[in-house]
Amino acid sequence: MIIGIECTAHTFGVGIVNKGKILSNIRDMYTTESGGIVPVESAKHHREIAEKIYCAALDEARIEEKEIDAIALSNAPGLSPCLLAGLEFAQLKARKLEIPIVPVNHCVAHLEIGQSIGAKDPVLLYASGANTQIIAYASGKYRVFGETLDIGIGNFIDKFARYIGIGFPGGPKIEEKAKTGKYVEMPYSIKGMDVSFSGMQTKLQQLRDKGISIEDLSYSLQENAFSMLVEAAERALAHTGKRELVIGGGVGCNARLQDMCKIMCEDRGAKFFCPSKQLLVDNAAMIAFTGEIMFNSGIRKNYKEVEIKPRERTDDVEVIWK
C-alpha cells in the first residue's frame, strides 16, 4: 500500500495505490484571479490543505494509516517552496508511521502512469506548464529526445492568457476561445526535435495590439504550437522505432492536441495512449503508482535522507527498476 504526495507546483494531491490499482486520487489546486503562480503563496496553500487532502484520500481508499507501507513523494523537479511544503508533510507522516519515503521524479511519473492504460514501451509527449519534452526509455534511462529551447508549452499559453487579461490557469479558457477562431499566420519554430515558443509569443502580442481577435489568436496559437509538438513526437517515434505514444501533462487535456496525436499515430500505424484527465494533470496517483514500482525494486529512503531537487532533469534519473 503506497501513498503518493504531489506538490511540485500549483497542485497538492494525495493518492493511494495498491498492487497497481488506484484506490484514491484527491487534489486541490492553487489558482489566481489574474497573473500566474506565486510560489510562496502556492506553498502556503499546500501547507493549509495538506492534512485535509490526506484524510480525504484515506477515506476514499477506505484504509487506515497503519496499512501504508511507504510514502512516494514528488521531490523533483518543481518550485522550491512548493517542494519543501510537500517534503515537510511527507517527513512528518513518515516519522509518525515509521515508514520509508520513495523520492519520485514528477516527469518520470507522467510516463510511468501510461502503464496503467496498457502502454509498454512508449514515447512520451510531455506537455505541461514548465516542461515540454519528448521522452523515451533507452540504455538505462529515460532519454530526452526533444524539448523546448525556451519556455514550456503550458507557461507559454498562460503567459498569453495573462497578456489578454485571463487568470491562471489560462489553458482551458484559451481552448474554449479557439473553437470560434480562424487561422492567422504565426512563426513555426522547430529544430530537429526541439521546439521554441518565444517568437510566437512576441507575434501573438503584436497581433493583439493591432486588434486581432482573441478567438483568432487562440486558434492560431493552438494549431501552430500543437503541430510543432506532434511533429517532434513523430520524429522521435521514427528515430527510436517505438510504436506507442503516450501523452502526459496538463496541456495534454486539450482535445485538439489529443486529436492531432491520434491522427499522426493512425497514419504511422502506432498506438496512442491518453490517460484520463485526472491522470494527465498534476496528480498524486501517478506519484504513488510510480513509487510502488520503485519500492518493489528496493528503492526507498529514511525520511531524514530525502531532499528536494528542483532542477532535476528527466534524464538525470537512474532507472534501475526496468
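Refer to the preceding data block for the structure.
Residues numbered from 1 in each chain as written. Predicted model: local features only at pLDDT ≥ 70, side-chain atom pairs only at ≥ 80, totals over all residues. Heavy atoms only, no water.

## As for the overall build of the chain
Then, in step 1: A tally of helices and strands in the chain yields 10 helices and 12 strands.
Then, in step 2: For the C-alpha atoms alone, the extent of the chain along its principal axes is close to 60 × 45 × 30 Å.
Then, in step 3: Every one of the 322 residues in the chain was classed for burial, and the buried ones make up 56%.
Then, in step 4: Of all intrachain contacts in the chain linking residues separated by at least 6 positions in sequence, the fraction that spans at least 24 positions is 76%.
Then, in step 5: In the structure as shown, the chain presents an accessible area of about 13,700 Å², 48% of it carried by carbon and sulfur atoms.
Then, in step 6: Of the charged side chains in the chain, 39 are positive and 41 negative; the average position of the first set lies 1 Å away from that of the second. (Helix = DSSP H or I, 4+ residues; strand = E, 2+ residues; numbered from the N terminus. Buried < 20%, exposed > 50% of the residue type's maximum accessible area, 1.4 Å probe, protein only. Contact = heavy atoms within 4.5 Å. Areas by Shrake-Rupley, 256 points an atom, 1.4 Å probe, with all protein chains shown as cover. Lys, Arg positive; Asp, Glu negative; His and termini not counted. Charge placed at Lys NZ, Arg CZ, Asp CG, Glu CD.)

## Thoughts on the packing of aromatic side chains
Then, in step 1: Inspection of every chain in the model, using the stated rule, returns 4 aromatic pairs.
Then, in step 2: Taken together, a centroid distance of 5.6 Å and an interplanar angle of 70 degrees make the contact between Tyr137 and Tyr142 edge-to-face.
Then, in step 3: Its relative accessible area of 24% is what places Tyr137 among the partly exposed residues.
Then, in step 4: Here the aromatic residues Phe12, Tyr54 and Phe89 are joined through ring pairs into a cluster of three or more.
Then, in step 5: Just above the ring of Phe295 sits the side chain of Arg300; from NZ or CZ to the centre is 3.8 Å.
Then, in step 6: Directly above the ring of Tyr137 sits Lys322, whose terminal nitrogen or CZ lies 5.5 Å from the centroid. (Phe/Tyr/Trp six-rings, centres within 6.5 Å; stacked < 30°, edge-to-face > 60°. Lys NZ or Arg CZ within 6 Å of the ring centre and 35° of its normal.)

## Some thoughts on helix H2 (residues 80-97)
Two residues of an α-helix separated by three or four positions point the same way, owing to the 3.6 residues in each turn.
Then, in step 1: Under the 1.5 Å per step criterion, the end-to-end length of H2 is 25 Å for 18 residues, consistent within 8% with the ideal 26 Å.
Then, in step 2: Of all the residues in H2, the buried ones are Cys82, Leu83, Ala85, Gly86, Leu87, Phe89, Ala90, Gln91, Lys93, Ala94 and Leu97.
Then, in step 3: Buried-residue contacts for H2 involve strand E1 (2-6), strand E2 (11-18), helix H1 (39-61), strand E4 (70-76) and strand E5 (101-105).
Then, in step 4: A positive phi of about 55 degrees marks Glu98, the residue just after H2. (Expected span 1.5 Å × (residues − 1).)

## Remarks on the pattern of salt bridges
Then, in step 1: One pass over the full model with this rule turns up 15 salt bridges.
Then, in step 2: One salt bridge connects Glu64 with Lys66, and the closest N-O pair in it is separated by 3.6 Å.
Then, in step 3: For Glu64, a relative accessible area of 44% puts it in the partly exposed group.
Then, in step 4: Arg313 is the partner of Glu147 in a salt bridge, and the nearest nitrogen-oxygen pair spans 3.0 Å. A residue pair is termed long-range when its members are at least 10 positions apart, and Glu147 in strand E8 (residues 141-147) and Arg313 in the segment after helix H10 (285-296) qualify at 166 residues.
Then, in step 5: Judged by relative accessible area, which is 32%, Arg313 ranks as partly exposed.
Then, in step 6: By sharing partners, the salt bridges in this structure join Glu51, Glu65, Lys93 and Lys96 into a single network. (Salt bridge = Lys/Arg side-chain N within 4 Å of Asp/Glu carboxyl O.)

## What about the packing of helix H4 (residues 153-163) against helix H6 (residues 198-209)?
Then, in step 1: Remark: H4 packs on H6, axes separated minimally by 11 Å, with the N-to-C direction vectors making an angle of 20 degrees. The orientation of H4 with respect to H6, classified from their angle, is roughly parallel. The handedness of the crossing between H4 and H6 comes out as right-handed. Judged by residue contacts, Phe156, Lys159, Phe160 and Tyr163 of H4 engage Met200, Gln201, Leu204, Gln205, Arg208 and Asp209 from H6.
Then, in step 2: Within the contact of H4 with H6, the residues separate by chemical class into 5 nonpolar, 2 polar and 3 charged. (Axes fitted to C-alpha atoms, helices over the stretch in contact; angles between N-to-C directions. Parallel < 35°, antiparallel > 145°, perpendicular 65-115°, else oblique. Left-handed = near helix turned anticlockwise from the far one by under 90°. Nonpolar A, V, L, I, M, F, W, Y, C, P; charged D, E, K, R; others polar.)

## Concerning the side chain of Asn254
Then, in step 1: Locating Asn254 in the fold gives a position in the loop between strand E11 (244-248) and helix H8 (255-268).
Then, in step 2: Using a relative accessible area of 6% as the deciding quantity, one classes Asn254 as buried.
Then, in step 3: Side-chain polar atoms of Asn254 contact the backbone nitrogen of Leu257, separated by 3.2 Å.
Then, in step 4: Residues contacting Asn254, with those up to four places away along its chain left out, are Glu175, Gln222 and Phe226. (Polar contact = N/O pair within 3.5 Å; in protein donor to acceptor, adjacent residues only side chain to side chain.)

## Re the pairing of E1
Then, in step 1: Burial within E1 is extensive, with 5 of its 5 residues counted as buried.
Then, in step 2: For E1 and E2, the ladder comprises 5 bridges, and the chain directions are antiparallel. From the neighbouring strand, Gly4 faces E2, where its bridge partner is Gly15.
Then, in step 3: Between E1 and the antiparallel strand that follows it, E2, lie 4 residues.
Then, in step 4: Bridging between E1 and E4 involves 4 bridges; their strand directions are parallel. Counterpart to Ile5 in the pairing with E4 is Leu73. (Pairing = 2+ DSSP bridges.)

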